[in-house]
Amino acid sequence: MQALSCGLPVIASDVAGVSNMVRPEVGLLYRPSDTNDLVDKMRILVCSPQEIVDWGTRARRYAVDNYAVAETVKSYEFLIHSMGV
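No experiment lies behind these values; they were computed from the predicted model shown.

Conventions and cut-offs
- Residues numbered from 1 in each chain as written.
- Predicted model: local features only at pLDDT ≥ 70, side-chain atom pairs only at ≥ 80, totals over all residues.
- Heavy atoms only, no water.
- Helix = DSSP H or I, 4+ residues; strand = E, 2+ residues; numbered from the N terminus.
- Patch = residues over 30% accessible without salt bridge, like charges linked within 9 Å, V, L, I, M, F, W, Y side chains within 5 Å.
- Areas by Shrake-Rupley, 256 points an atom, 1.4 Å probe, with all protein chains shown as cover.
- Salt bridge = Lys/Arg side-chain N within 4 Å of Asp/Glu carboxyl O.
- Buried < 20%, exposed > 50% of the residue type's maximum accessible area, 1.4 Å probe, protein only.
- Expected span 1.5 Å × (residues − 1).
- Arc of directions from axis to C-beta.
- Core = buried A, V, L, I, M, F, W, Y, C linked by side-chain atoms within 4.5 Å.
- Contact = heavy atoms within 4.5 Å.
- Axes fitted to C-alpha atoms, helices over the stretch in contact; angles between N-to-C directions.
- Parallel < 35°, antiparallel > 145°, perpendicular 65-115°, else oblique.
- Nonpolar A, V, L, I, M, F, W, Y, C, P; charged D, E, K, R; others polar.

Asker: Would you mind showing me how to read unusual backbone geometry here?
Answerer: Most peptide bonds take the trans form, and the phi angle of most residues other than glycine is negative. One non-glycine residue, Ser-33, lies in the positive phi region at around 65°. Position of Ser-33 relative to the elements: it lies in the loop between β2 (27–30) and α2 (35–46).

Asker: What is the right way to read a nonpolar patch on the surface from this model?
Answerer: A cluster of nonpolar residues, Tyr-76, Leu-79, Ile-80, Met-83 and Val-85, forms a patch on the protein surface that exposes about 560 Å² of accessible area. Topologically, Val-85 is positioned in the segment after α4 (69–82). Under the relative-accessibility criterion, Val-85 is labelled exposed at 69%.

Asker: Would you mind going over helix α3 (residues 49–67) with me for this structure?
Answerer: Residues spaced three or four apart along an α-helix face the same direction, because each turn holds 3.6 residues. Compared with an ideal rise of 1.5 Å per residue, which puts 19 residues at 27 Å, α3 spans 26 Å between its outermost C-alpha atoms and is within 8% of the ideal. Listed in full, the buried residues belonging to α3 are Trp-55, Gly-56, Ala-59, Tyr-62 and Ala-63. Down the axis of α3, the buried side of the element spans an arc of 135°, and every buried residue falls inside it. Exposed and oriented more than 90 degrees from the buried face of α3 are Gln-50 and Thr-57.

Asker: Explain the nonpolar core here, please?
Answerer: The nonpolar side chains of a soluble globular protein tend to be buried, and buried together. Core analysis: the largest hydrophobic core is formed by 8 residues, namely Leu-4, Val-10, Ala-12, Val-22, Val-26, Ala-59, Tyr-62 and Ala-63. Counting residues per element, this core draws most heavily on α3, which supplies 3 residues. Among all residues touching Ala-63, those that are not within four sequence positions of it are Met-1, Leu-4, Ser-5 and Ala-68.

Asker: Any chance you could explain the pattern of salt bridges here in plain terms?
Answerer: Side chains that differ in charge, positive against negative, can pair when their charged atoms come close. According to the stated counting rule, one finds 5 salt bridges in the structure shown. Between Arg-61 and Asp-65 there is a salt bridge; the shortest N-O distance is 3.0 Å. With Arg-61 and Asp-65 both in helix α3 and 4 residues apart, this pair spans about one turn of that helix. When salt bridges that share partners are traced, they join Arg-31, Asp-34, Asp-37 and Lys-41 into one network.

Asker: I'm lost on the packing of α3 against α4 in this one. Help?
Answerer: When two helices pack together, their arrangement is given by the angle between the helix axes and by the axis-to-axis distance. For the pair α3 and α4, the least separation of the axes is 5 Å and the interaxial angle reads 40°. Comparing their axes, α4 and α3 come out oblique. Residues Val-64, Asp-65, Asn-66 and Tyr-67 of α3 pack against Val-69, Glu-71 and Thr-72 of α4. Residues that form the contact of α3 with α4 fall into these classes: 3 nonpolar, 2 polar and 2 charged.

Asker: Any chance you could explain the environment of Ser-75 here in plain terms?
Answerer: With respect to the secondary-structure elements, Ser-75 resides in helix α4. On the basis of relative accessible area, Ser-75 is assigned to the partly exposed category, the value being 46%. Linking Ser-75 and Arg-31, residues 44 residues apart in sequence, is a C-alpha distance of 29 Å.

Remember that the coordinates give geometry; whether it matters functionally is a separate question.
Here it is, written out as structure tokens:
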């Protein structure tokens, strides 16, 4: 999340807690323990400098729109109200 908020595209392991935050438009997920898949994902970015800029821009917008403090508070409020509290 920190990298997204800094406007960086992300390459992350496709595991719970990460895969729900890293969307295809802001980063890449590789199969856990699959170094070849990780290398392939790294190659995509290294070979596409403009993609790095584009994904970074989308990453920053995504982080602000979905995980800024105000949005997080709204999400917690919705959750609390949906529980009838």
